[in-house]
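Below are the chains, spelled out letter by letter.
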Amino acid sequence: MKRLQPVSIPLLCFQLLLSSARGSQPHIVFILADDYGWNDVGYHGSVIRTPVLDKLSAQGVRLENYYVQPLCTPSRSQLLTGRYQIHTGFQHEIIWPCQPHCLPLDEKLLPQLLKEAGYSTHMVGKWHLGMYKKECLPTRRGFDSYFGYLLGSENYYTHERCYHIAPLNITRCALDLRDGEEVATGFTGMYSGHLFTQRAIDLLSKHNPVQPLFLYLALQSVHEPLQVPKEYMEPYNFIHDANRRHYAGMVSVMDEAVGNITDALQRYGFWNNTVLIFSTDNGGQTLGGGNNWPLRGRKWTLWEGGVRGVGFVTSPLLKQKGRVNREFIHISDWLPTLVHLAEGSTKGTKPLDGFDVWKTISEGHSSPRNELLHNIDPLFVDYSPCPVSLNENATSSVQLNKWQYSLFNVSIHAAIRSGDWKLLTGYPGCSYWFPPPSLSKQSQPAPPDSPKKNLWLFNIAKDPDETVDLSDRYPVIVEKLLSRLQYYQDGAVPIVYPDDDPKCDPGKAGAWGPWA
């Protein structure tokens, strides 16, 4: 056996001092799932098996009143800035591959703040915050390293994205995979759920646990396209719906990935000083196998099925473990929470919309949050209309009612939560309740509302499934929340949603990446 070399006393003392100085700064691992639905985790009663997520969440704190945004880019922007999308120009949709736009460069992001606090910062997976010029890339926004894809979706095996470039009237399929700022080749055929997990484990194996680590693992799972190795689908042969069966297999890959990451954290000496957060980025897409039952709606919508998220925190550092937390928490709260945990400072940021909720999570204190702006989007278009031909999908056809002359324009797609109350206006998106296809072949129950209805009020604490509209019964509350929507609208920056730039074209043999 190879003889161990003696360590000098001065060097040993220095290492101990360094470890002591940084010992109070926890490692932070944030795992973000993509399009993961409320009814797709075992501990919510799903038929999809998630033993790792069930176990980790049971050992930690399950967040059962936790909110995200209904789409990818807005959730990711609020996670990394701590600011509502009305303050960054992301009110409308997402960033498409050829739009010359990215998360504003004058925003200071979570990894930059953690670097200032002494952290090593690494990202693996989906970026989707813009890449039209190099200054927008993850490695220019605070991450020491990056491995992943820059756009919103791609093939799980070839890592290519196909997109129709409207100004050129061509559809281009090109590679979207980067190692740092360089195109990453040689990974064709490697399933992304395995590839990204292994890259994260490699980072852990090479990192000295003495230095605090921030690892942001933004998984491709379980976003469309529905692709998964066959062996992961075999346990779900009892699910007759093909989309749901594929999706279930993809969830199993994700669950396995989270288990492999936690095993690596333990194996390489991180776990006892790690805070691990698991979150979805938005509700499940029922058109792609996801499910949010019994919540109303789906991805893209402002109903609870689009914005109430699966999330939990697990860590040996939690003061109270094995709990279900029903306090009000939003994805924008992670920036101030994690920077505070890291003993950093948020003084360099623009005004935050998020709150420090660590004591809420760790000690069971009341949440400092009492209000949440879900969004205000005057340009909203639903690209995934309800599955029957009801004329409820055009905001231009909303009915006139007693609120038409209120301070806030109730034809606008918007929603706000204040305490237990939630107000929605305009067309919130498909308003159906979608039963799990694995348990029911019946058609989706039609909503009880008029197709042209444009205002709803719910008591979410008593009615989380949004079944009983109380707007007629509580007009004073409606007026109050409409005034709050107008307050936020008055403080909103203009929507940034540029036309496609033909210069984005990667060519027949190129790769998606910066062009400006």
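No experiment lies behind these values; they were computed from the predicted model shown. (Residues numbered from 1 in each chain as written. Predicted model: local features only at pLDDT ≥ 70, side-chain atom pairs only at ≥ 80, totals over all residues. Heavy atoms only, no water.)

### Focus: the state of the cysteines
- Applying the stated criterion across every chain yields a total of 4 disulfides.
- Across a sulfur-sulfur distance of 1.8 Å, Cys-162 and Cys-173 are joined as a disulfide pair. Residues Cys-162 and Cys-173 are joined through a disulfide that is right-handed, its torsion about the S-S bond being 110 degrees. Highlighted residues: Cys-162 in strand β6 (residues 160-165) and Cys-173 in strand β7 (residues 170-175), separated in sequence by 11 residues.
- Sequence-ordered numbering of the disulfide-bonded cysteines in the protein gives the connectivity 1-8, 2-3, 4-5, 6-7.
- Cys-72 carries a free sulfur, and the closest cysteine sulfur to it, the one in Cys-102, is 17 Å from it.
- By relative accessible area, Cys-72 is classed as buried at 3%. (Disulfide = S-S within 2.5 Å. Helix = DSSP H or I, 4+ residues; strand = E, 2+ residues; numbered from the N terminus. Buried < 20%, exposed > 50% of the residue type's maximum accessible area, 1.4 Å probe, protein only.)

### Quick look at the pairing of strand β4 (residues 120-126)
- Counting buried residues along β4, 7 of its 7 residues qualify, which places the element largely inside the surrounding structure.
- Sheet analysis places β4 next to strand β10 (residues 213-218), joined by 6 bridges and oriented parallel. Residue pairing for β10: His-122 is matched across the bridge by Leu-215.
- In this sheet, strand β5 (residues 145-149) lies alongside β4 in parallel orientation, the contact comprising 5 bridges. Looking at the pairing, Gly-125 lines up with Gly-148 of β5. (Pairing = 2+ DSSP bridges.)

### Remarks on the sheet that holds strand β2 (residues 61-63)
- Overall, mixed pairing links the 10 strands, which are arranged β9-β8-β5-β4-β10-β1-β11-β12-β2-β13 in an open sheet. Among the strands making up the open sheet, the edge pair consists of β9 (182-183) and β13 (323-325).
- With respect to the sheet, helix α3 (residues 72-81) is in contact with β1 (27-33), β4 and β10, its orientation differing from that of β10 by roughly 175 degrees.
- Against the sheet, helix α7 (residues 242-267) touches β1, β10 and β11 (274-280), its axis set at about 170 degrees to β11. (Contact = heavy atoms within 4.5 Å. Axes fitted to C-alpha atoms, helices over the stretch in contact; angles between N-to-C directions.)

### So, α3
- Within α3, 10 of the 10 residues are buried, which leaves it mostly tucked inside the rest of the structure.
- All of the buried residues in α3 are Cys-72, Thr-73, Pro-74, Ser-75, Arg-76, Ser-77, Gln-78, Leu-79, Leu-80 and Thr-81.
- Where α3 is buried, its residues meet β1, α4 (110-116), β4, β10, β14 (329-330) and α9 (334-341).
- Positive backbone phi, approximately 70 degrees, marks Gly-82, located one or two places after α3.

### Focus on the packing of helix α5 (residues 192-206) against α7
- One way to put it is that α5 packs onto α7 with a least axis distance of 10 Å and a crossing angle of 10 degrees. The angle between α5 and α7 places the two elements in the roughly parallel class. Of the residues in α7, those in contact with Gly-193, His-194, Thr-197, Ala-200, Ile-201 and Leu-204 of α5 are Val-253, Glu-256, Ala-257, Asn-260, Ile-261, Ala-264, Leu-265 and Arg-267.
- Grouping the amino acids of the contact of α5 with α7 by side-chain chemistry returns 8 nonpolar, 4 polar and 2 charged. (Parallel < 35°, antiparallel > 145°, perpendicular 65-115°, else oblique. Nonpolar A, V, L, I, M, F, W, Y, C, P; charged D, E, K, R; others polar.)

### Quick look at the sheet that holds strand β15 (residues 371-377)
- The strand order across the open sheet built from 4 strands is β15-β16-β17-β18, with neighbouring strands paired in antiparallel fashion. On the outer flanks of this sheet lie β15 and β18 (455-459), each paired with one strand and no other. On average, each strand axis in the sheet is tilted by 10 degrees relative to the strand beside it, whichever way the strands run.
- One ladder, built from 5 bridges, connects strand β16 (residues 413-418) with strand β17 (residues 421-425); its direction is antiparallel. Among the inter-strand pairings, Ala-414 is bridged to a residue of β17, identified as Thr-425.

### Some remarks on the packing of aromatic side chains
- Scanning the model with the defined rule gives 24 aromatic pairs in all.
- Where Phe-30 meets Tyr-216, the ring centres are 6.4 Å apart and the plane angle is 75 degrees; that geometry is what we call edge-to-face. You can see Phe-30 sitting in strand β1 and its partner Tyr-216 sitting in strand β10, a full 186 residues away along the chain.
- Overall, Tyr-216 belongs to the buried group, its relative accessible area being 2%.
- Taking 5.2 Å as the distance between ring centres and 15 degrees as the angle between the ring planes, the aromatic pair formed by Tyr-156 and Tyr-191 counts as stacked. (Phe/Tyr/Trp six-rings, centres within 6.5 Å; stacked < 30°, edge-to-face > 60°.)

### Notes on the environment of Ile-416
- Relative to the helices and strands, Ile-416 is located in strand β16.
- Sequence spacing of Ile-416 and Asn-375 is 41 residues, and the spatial spacing of their C-alpha atoms is 7.3 Å.
- Discounting chain neighbours no more than four positions away, the residues touching Ile-416 are Glu-371, Leu-372, Leu-373, His-374, Trp-421, Lys-422, Leu-423, Leu-481, Arg-484, Leu-485 and Tyr-488.

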